[in-house]
Structure formats: structure tokens, C-alpha cells
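Below are the chains, spelled out letter by letter.
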Protein chains: 2
Amino acid sequence: MKLYGYYRSSAAFRIRIALNIKELELDHIFVHLRKGDQRSEQYLGVNPQGLVPALELDDGNIITQSMGIIEYLDEAYPNTVSLLPDNMFGRARVRSISSAIACDIHPLNNLRVLNFISQNIDDGESIANDKWYKHWIQVGMNGVEALLNNSPDTGEFCHGNNPTMADCCLIPQIYNAERFGCDMTDYPKSMRINSNCLSLKAFRKAMPEEQADFE
Amino acid sequence: MKLYGYYRSSAAFRIRIALNIKELELDHIFVHLRKGDQRSEQYLGVNPQGLVPALELDDGNIITQSMGIIEYLDEAYPNTVSLLPDNMFGRARVRSISSAIACDIHPLNNLRVLNFISQNIDDGESIANDKWYKHWIQVGMNGVEALLNNSPDTGEFCHGNNPTMADCCLIPQIYNAERFGCDMTDYPKSMRINSNCLSLKAFRKAMPEEQADFE
């Protein structure tokens with residue numbers, strides 16, 4: 001298998017964590033998003049959406065979208081550590097928390113969105129001062145923190161005492177929020193889970209700084 | 001079961017389609033998003049994210065996020081029509097197309113985002129002229145159309161000849177795009193699938209105009 005990714009992409013970061021937890025190895029192909037490699041004819045042949053990550057299977061089939069990839073890895077490698085709980089409601093809860101990050105926070109603060117605003121409609125301050133970025137982190141993390149506080153199923157990790165797909169989504173989001181200087185003191189539960197995750201090598205090894213294309 | 005929704009919410013629209021295809025009945029609770037009911041203390045007790053849809057199970061447990069709800073319905077009611085293919089790669093493909101809509105298009109054009117831009121950073125034209133809305137429809141639908149054209153697995157529906165979760169996501173997105181006056185002629189494959197879906201009562205019955213809270 002090959003993973004098309006970029007050190008700074010938090011969707012690719014999610015997959016790197018999943019691969020490390022599952023102890024799966026593959027070839028990493030780097031798509032330099034800031035140089036626009038994702039819009040090359042070659043990469044659009046891999047993923048016509050022009051986004052990373054994309055997983056290329058040994059038969060040449062391509063799977064795109066981070067949650068789809070993680071679900072696939074769980075199904076395709078049943079003898080590895082599972083990233084979804086073995087009960088139905090638990091799986092639903094993990095998918096919900098994952099979507100609360102992957103649908104409700106991340107897409108709004110993606111590089112292409114920040115670029116579009118600053119190039120087209122910005123008042124000159126929203127992007128420069130991170131007003132936009134911090135607003136959606138605050139709204140989104142308030143929701144995630146409440147989902148975590150709301151349930152007895154939250155443990156050392158987002159769901160119980162083992163990492164799941166939800167943690168694969170949460171940790172890259174917190175990493176990014178901190179990089180943009182967001183104040184995270186209002187999210188103690190999320191931050192405790194972040195510490196617990198970062199005590200594991202599988203999460204640390206997946207960090208942008210640890211990737212071969214880091215610059 | 002109870003579904004908390006709103007006629008105009010396209011994420012709730014997805015669930016209504018899924019319920020109709022599965023022939024599952026439940027109580028509909030209406031949360032008036034334009035009046036701000038989603039921020040009431042009562043509703044935040046149901047879903048602390050303050051978003052619809054939310055599914056309340058008979059035991060009182062709550063499942064939020066449309067993709068998590070559809071996956072749950074598929075698992076919890078195995079004797080109903082399945083919205084995910086029975087092979088692994090097919091499931092991955094359906095989840096990818098679903099995310100290409102639910103993560104990469106819909107969150108950017110959500111009411112709360114349009115409101116934030118027009119209230120905070122708009123140049124006075126981006127929202128009024130639907131420049132923002134149409135841009136993300138164009139970028140997003142180009143990707144979805146390419147994903148559909150890219151694969152022999154696309155049939156009368158997004159994946160094969162039966163509706164899946166991907167169609168539950170696509171049809172509400174096209175409905176909204178048309179409501180905003182987007183030109184859809186560049187997406188013939190998507191529009192043909194849209195016609196095929198709308199020939200089915202399960203999709204038509206789920207439309208906003210057919211809901212009891214429509215106004």
C-alpha cells in the first residue's frame with residue numbers, strides 16, 4: 001500500500017496515527033500542498049478531489065477521505081488493533097465524535113479555505129489575526145468538550161481506555177489549534193486525552209515534525 | 001426512536017432518506033434552526049453541539065452526526081435495506097463519496113457559516129451574491145463528479161444500482177445548490193443520479209416541502 005500525504009495535513013496525520021496503532025507499514029508519497037502538487041495532473045489521477053490523504057491499495061484501487069480510510073483499515077486488517085469499539089453504540093459514538101471534528105471543525109480551517117478568504121473576501125484582518133480560525137476552533141471544541149463531558153463512556157481516551165478513530169481525529173486538531181495560538185484552557189477533558197495520547201509512541205511518531213517531508 | 005431535525009437541514013434530510021429507504025418509522029421532533037431552538041438549554045441537553053440531526057434511541061441514548069446515524073441504522077436494523085455495499089472496497093468508496101459531500105462541501109455552506117461571514121468579515125458581496133456559496137459548490141461538485149466519473153462502480157446511483165449512504169448525502173446537497181441558483185450543467189453524472197433518486201418515493205418523501213415543519 002501507498003499513502004499519499006503531507007506532513008502538515010491533519011487528515012493525513014489521522015491516518016499516520018491509525019497506521020502506527022495498527023503497526024501497518026506502507027510507502028509514503030509526499031504531496032507538497034503549499035507548492036500545489038495536489039493540483040498536478042498526476043495527482044488528480046490519484047484523487048480527482050485534489051486532496052490528501054489517499055490510500056493506494058496493492059491492486060491499484062484508491063481510497064480517499066480519512067474516515068473512509070480508517071474504517072477500511074479496520075475492516076481489511078482485522079488482526080490489528082481496532083480503532084472502533086466492538087459494540088454498536090460505542091461505534092456510533094466514536095463516529096460521532098470523529099465527525100464533530102472532521103466535518104464541523106477541520107473543513108472550515110483548511111488551507112484552501114483560509115486562502116480563499118484572504119484572497120477574496122477578507123476584510124484584511126480575519127485571516128491575518130486568526131479571527132476566523134479561532135472562532136471555529138472555539139465553537140467546534142466547545143462541542144467536542146461537551147460531547148466528552150456528557151458521557152460516562154469517555155475514559156483515558158475519547159471512548160474508553162484505548163485509542164479509537166476519535167482520538168486519531170482529535171489529536172491532529174489540537175496540534176493545529178495550538179500551532180495557531182488558540183487558548184485551549186476551556187477544554188480540560190480534551191487536553192487530558194491529548195496528553196494521554198501523546199504519551200504513546202504511535203501518536204508521537206505521527207506528528208508533522210517526525211515526517212520525512214517536514215521542512 | 002426520535003429524530004431531532006429541521007425541514008431545511010440537509011444533514012437531517014440525509015437521515016430522512018435513510019429512514020424511508022429502510023422503511024423505519026419514528027417520532028420527528030422539530031428544532032427550528034432559524035429561530036435558534038438549537039441553542040436552547042433543552043436541546044443542548046440532547047446534543048451539546050447544538051446541531052441537528054440527533055437520534056434518540058428508546059433507551060435514551062443519543063447519536064449525533066448524520067454519517068454516524070446512518071451507519072448505526074445499518075448496523076441496528078440488519079433486516080432493512082442496507083445503505084452500505086456488502087464488499088469492503090465498496091463500503092470504502094461509499095464512505096469516501098459521502099465524506100466528499102459531508103466534510104468537503106456541506107460544512108462550508110452551512111447556515112452558521114454564512115451567518116458568521118455576513119456578520120463579521122463579509123465585504124458586503126460574498127454572501128449577498130452567493131459568491132462564497134457557489135465557489136464551494138463548484139469546487140466540491142467538481143470533485144464529486146470526478147469521483148463518480150472515475151470509477152466503473154458508479155451505476156444508476158453513486159455506487160451500483162441501488163441507493164447507498166452516498167446518495168443520501170448527494171441529493172440534499174444538489175437540492176440546496178439548486179435552491180441557491182447554482183448552475184449544475186457541469187455535473188451531468190451527478191444530476192442523472194439525482195433524477196434516478198428522485199424517481200423513488202423514499203427520496204421525494206424526505207424533501208423539505210414534505211415535512212410537517214415546512215414553512
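Residues numbered from 1 in each chain as written. Chains lettered and ligands numbered in written order. Predicted model: local features only at pLDDT ≥ 70, side-chain atom pairs only at ≥ 80, totals over all residues. Heavy atoms only, no water.

1. Focus: the relation of the copies chain B and chain A
In step 1: Of the transformation placing chain B onto chain A, the axial shift is 0.0 Å and the rotation is 180 degrees, giving an RMSD of 0.0 Å. Here the transformation between the copies is reduced to the relation of a two-fold axis. Taking C-alpha positions as the reference, the residue of chain B nearest the rotation axis is cysteine 103 of chain B, at 2.2 Å.
In step 2: With an isologous cut-off of 70% or more, the 100% of interface residues of chain B that recur at the interface of chain A puts this contact in the isologous class. (Least-squares fit on C-alpha atoms with pLDDT ≥ 70 in both. Contact = heavy atoms within 4.5 Å.)

2. Thoughts on empty space enclosed by the protein
Empty space among the atoms can be located by rolling a probe the size of a water molecule over them.
In step 1: Tallied over the full model, the rule gives 3 cavities of 30 Å³ or more.
In step 2: Space inside the largest cavity adds up to approximately 120 Å³.
In step 3: Along its surface, the largest cavity is lined by Met67, Gly68, Glu71, Arg95, Ser99 and Met165 of chain A together with Met67, Gly68, Glu71, Arg95, Ser99 and Met165 of chain B.
In step 4: When contributions to the lining of the largest cavity are tallied by element, the ones reaching two or more residues are helix 3 (66–76) and helix 4 (88–102) of chain A together with helix 3 (66–76) and helix 4 (88–102) of chain B.
In step 5: When its residues are assigned to classes, the lining of the largest cavity shows 4 nonpolar, 4 polar and 4 charged. (1 Å grid on protein atoms, 1.4 Å probe; cavity = no way out; pocket = protein on both sides within 12 Å on 5 of 7 lines; lining within 4 Å. Points joined across faces, edges and corners; volume = space filled by probe spheres on them. Helix = DSSP H or I, 4+ residues; strand = E, 2+ residues; numbered from the N terminus. Nonpolar A, V, L, I, M, F, W, Y, C, P; charged D, E, K, R; others polar.)

3. Thoughts on the sheet that holds strand 3 (residues 54–56) of chain B
Residue and element names in this part refer to chain B.
In step 1: Strand order in the open sheet formed by 4 strands is 2-1-3-4, and the pairing between neighbours is mixed. Of all strands in the sheet, those with a lone pairing partner are strand 2 (27–30) and strand 4 (62–64), marking the two edges. Across the sheet, the mean angle separating the axes of adjacent strands is 20 degrees when strand polarity is ignored.
In step 2: Both strand 1 (residues 2–5) and strand 2 contribute to a ladder of 4 bridges, which runs parallel. Each bridged residue has a counterpart across the sheet, and for tyrosine 4 the counterpart in strand 2 is isoleucine 29. (Pairing = 2+ DSSP bridges. Axes fitted to C-alpha atoms, helices over the stretch in contact; angles between N-to-C directions.)

4. Here's the deal with the interface of chain B and chain A
Put simply, an interface is often sized by how much accessible area is lost when its parts join up.
In step 1: Taken together, the contacts link 46 residues of chain B with 46 residues of chain A.
In step 2: Interface area for chain B against chain A, summed over the two sides, is near 4,200 Å², with a carbon-plus-sulfur share of 65%.
In step 3: Inspection of the chain B/chain A interface yields 6 salt bridges.
In step 4: Close ionic contact of glutamate 71 of chain B with arginine 95 of chain A constitutes a salt bridge, the shortest N to O distance being 3.5 Å.
In step 5: At the surface where chain B touches chain A, the tally comes to 12 residue pairs in polar contact (both at pLDDT 80 or more).
In step 6: Contributing elements (two or more residues each) for the side of chain B that touches chain A: strand 4, helix 3, helix 4, helix 5 (111–121) and helix 6 (131–149) of chain B.
In step 7: Considering every element that reaches the side of chain B that touches chain A, the biggest residue donor is helix 4 of chain B, with 9 residues.
In step 8: In terms of residue class, the side of chain B that touches chain A is made up of 25 nonpolar, 13 polar and 8 charged. (Buried area = accessible area lost by both parts, 1.4 Å probe. Salt bridge = Lys/Arg side-chain N within 4 Å of Asp/Glu carboxyl O. Polar contact = N/O pair within 3.5 Å; in protein donor to acceptor, adjacent residues only side chain to side chain.)

5. Section: the packing of aromatic side chains
In step 1: Overall, the coordinates contain 17 aromatic pairs over all chains when judged by the stated rule.
In step 2: With a centroid separation of 3.7 Å and 5 degrees between ring planes, the pair formed by tyrosine 133 of chain B and phenylalanine 180 of chain B is classed as stacked. Of the two residues, tyrosine 133 of chain B is situated in helix 6 and phenylalanine 180 of chain B in the loop between helix 7 (165–179) and helix 8 (188–198); the sequence distance between them amounts to 47 residues.
In step 3: An aromatic cluster is built from Phe116, Trp132 and Trp136 of chain A together with Phe116, Trp132 and Trp136 of chain B, whose rings are joined through pairwise contacts. (Phe/Tyr/Trp six-rings, centres within 6.5 Å; stacked < 30°, edge-to-face > 60°.)

Function cannot be read off these values alone, since they describe shape.
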